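What follows is the residue order along each chain.
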Amino acid sequence: MSLAEYAAREGLHKVGGRPRIGSYLVDVWKRRAFVYSLARFRIEAENGRNRLGMGWVVLKPMISAAVYGTIFGILLGSQSRPDQYVLFLVIGVFFFEYFSSCFTSGAQSITKNANLVQSLSFPRMALPLALVTQRLLQFVPMIVIMILLVMVTGTMPRWEWLLLVPLIVSFTVFNAGLTLITARLTVHFRDLTQLLPFISRFFFYTSGVFFSVDKRFGDIEAVMRIADAQPIFEYMSLARSIMLTGPDYVIKTEYWLYSSCWALGALAVGIVYFWAAEERYGRTD
């Protein structure tokens, strides 16, 4: 009898070993209180030293929207700007900020917590999920501000606004899957952290955050097909169509299907890809 067989017979298991994926996900679910607590602690730690505290959660994207609106609003000209441009821009910046913060900072959720990973036994997936939870908690007040801004312009609440709930859920699932993928990639390729901001900028300038893709490229079929398959553009388009009214904001039902496929696909790939390297996250070599 080998040593491994003897250990298995006695009910012993390898420290830091990779369990079956079903057991692993059950273990992650049992740590949900830890995930939520870690997310809240990080929010308090990030904003505790600032005088405005949590106010920066909303102020930063608002300032970004003001800067982009001033610069690109002038460059685009009145003919290229969609109706209700200020709200169009605010919704785009808020949703992209949520994606970008998960995409870039989530990639370092393992590498920045090396001491924790090496000293305690727990499913490492809890760390990137805690980061996504943190960004979701910070995204909620942005949604409230967004709704208030839309109402200030005279738009009354509509039943369609309830669609924001499944949209945010789907967007969170997509961000979680992408974060799991980048979190593992960064463990193997540390230089990836230097490239991610540039990748994020690429998505920013190609997702229609500050300009209308339909107005700018509506007559170019190839560009519109690419845009229709771009998940960030799909989520922002749905959010704008839900919140705003007018000929520029018609809900495209196919985007619900496309974005759902992106979300479920990203999560499935992310879970399997991250779980497959569970044994490697605590190594120092």
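What you see is a predicted model, and the numbers here were worked out from it, not measured in a lab. (Residues numbered from 1 in each chain as written. Predicted model: local features only at pLDDT ≥ 70, side-chain atom pairs only at ≥ 80, totals over all residues. Heavy atoms only, no water.)

1. Topic: the layout of surface pockets
To be explicit about the condition: A 1.4 Å probe that fits into a set of points on a 1 Å grid over the protein atoms alone but cannot get out defines a cavity; an open set with protein on both sides within 12 Å along at least five of seven lines defines a pocket, and lining residues are those with an atom within 4 Å of a point. Grid points are joined across faces, edges and corners, and a volume is the space filled by probe spheres set on the points. Working definition: helices are DSSP H or I runs of at least four residues, strands are E runs of at least two. Numbering for both runs from the N terminus. Charged means Asp, Glu, Lys or Arg here, nonpolar means Ala, Val, Leu, Ile, Met, Phe, Trp, Tyr, Cys or Pro, and polar covers whatever is left, Gly included.
Size it by volume and the largest pocket reaches roughly 430 Å³. Taken together, 16 residues line the largest pocket, and the ones lying closest to its centre are Val28, Trp29, Val35, Leu129 and Thr133. Elements with a minimum of two residues in the lining of the largest pocket: helix H2 (21-30), helix H3 (32-47), helix H7 (126-152) and helix H8 (164-188). By residue class, the composition of the lining of the largest pocket is 13 nonpolar, two polar and one charged.

2. Examining the environment of Pro141
Looking at the element boundaries, Pro141 is found in helix H7. Counting along the chain gives 83 residues from Pro141 to Val58, while the straight-line C-alpha distance between them is 6.9 Å.

3. Looking at the packing of H8 against helix H13 (residues 253-275)
Put simply, the rule reads: For helices, the fitted line uses only the C-alpha atoms of the stretch in contact; every axis is such a line through C-alpha atoms, and the angle between N-to-C directions lies from 0 to 180 degrees. Left-handed describes a crossing in which the near helix is turned anticlockwise from the far one by less than a right angle; the clockwise case is right-handed.
Put simply, H8 and H13 touch, their axes get as near as 8 Å, and they point 35 degrees apart. In this structure, the crossing between H8 and H13 has a hand that is left-handed. Here the contact of H8 with H13 is composed, by residue class, of 19 nonpolar, five polar and one charged.

4. Considering helix H12 (residues 231-243)
Because each turn of an α-helix spans 3.6 residues, side chains separated by three or four positions in sequence point in the same direction. Selection criterion: Take the number of residues in a helix, subtract one, and multiply by 1.5 Å to get its expected span. Working definition: with a 1.4 Å probe on protein chains only, accessible area under 20% of the residue-type maximum means buried, over 50% means exposed, and in between means partly exposed. The term polar contact refers here to a pair of N or O atoms within 3.5 Å; inside protein, the definition further demands a hydrogen-donor-capable atom paired with an acceptor-capable atom, and it admits residues adjacent in sequence only when both atoms are side-chain atoms.
Compared with an ideal rise of 1.5 Å per residue, which puts 13 residues at 18 Å, H12 spans 19 Å between its outermost C-alpha atoms and is within 8% of the ideal. Most of H12 sits inside the fold, with 13 of its 13 residues counted as buried. Where H12 starts, the residue carrying a side-chain oxygen 2.7 Å from the main-chain nitrogen of Ile232 turns out to be Gln230.

5. Looking at the packing of aromatic side chains
Just so we agree on the cut-off: Note on aromatic pairs: the rings of Phe, Tyr and Trp (six-membered ring only in Trp) are paired at centre separations within 6.5 Å, and the planes decide the class, stacked below 30 degrees, edge-to-face beyond 60, tilted for the rest.
Evaluation of the coordinates by the stated rule reveals 20 aromatic pairs. For the pair Tyr85 and Phe88, a centre-to-centre distance of 6.1 Å together with 20 degrees between the ring planes defines the contact as stacked. Here Tyr85 and its partner Phe88 are both found in helix H5 (residues 85-105), three residues apart, which amounts to about one turn of the helix. With a relative accessible area of 11%, Tyr85 lands in the buried category.

6. Digging into unusual backbone geometry
Even without glycine at this site, Gln84 takes up a positive phi of about 55 degrees. With respect to the secondary-structure elements, Gln84 resides in the loop between helix H4 (55-76) and H5.

7. Topic: the pattern of salt bridges
To be explicit about the condition: By definition here, a salt bridge exists when the distance from a side-chain nitrogen of Lys or Arg to a carboxyl oxygen of Asp or Glu is within 4 Å.
Across all of its chains, the model carries two salt bridges by this definition. For Asp27, the salt bridge is made with Arg31, and the minimal N-O distance between the two is 2.4 Å. By relative accessible area, Asp27 is classed as partly exposed at 26%. You can call Arg31 partly exposed: its relative accessible area is 27%.

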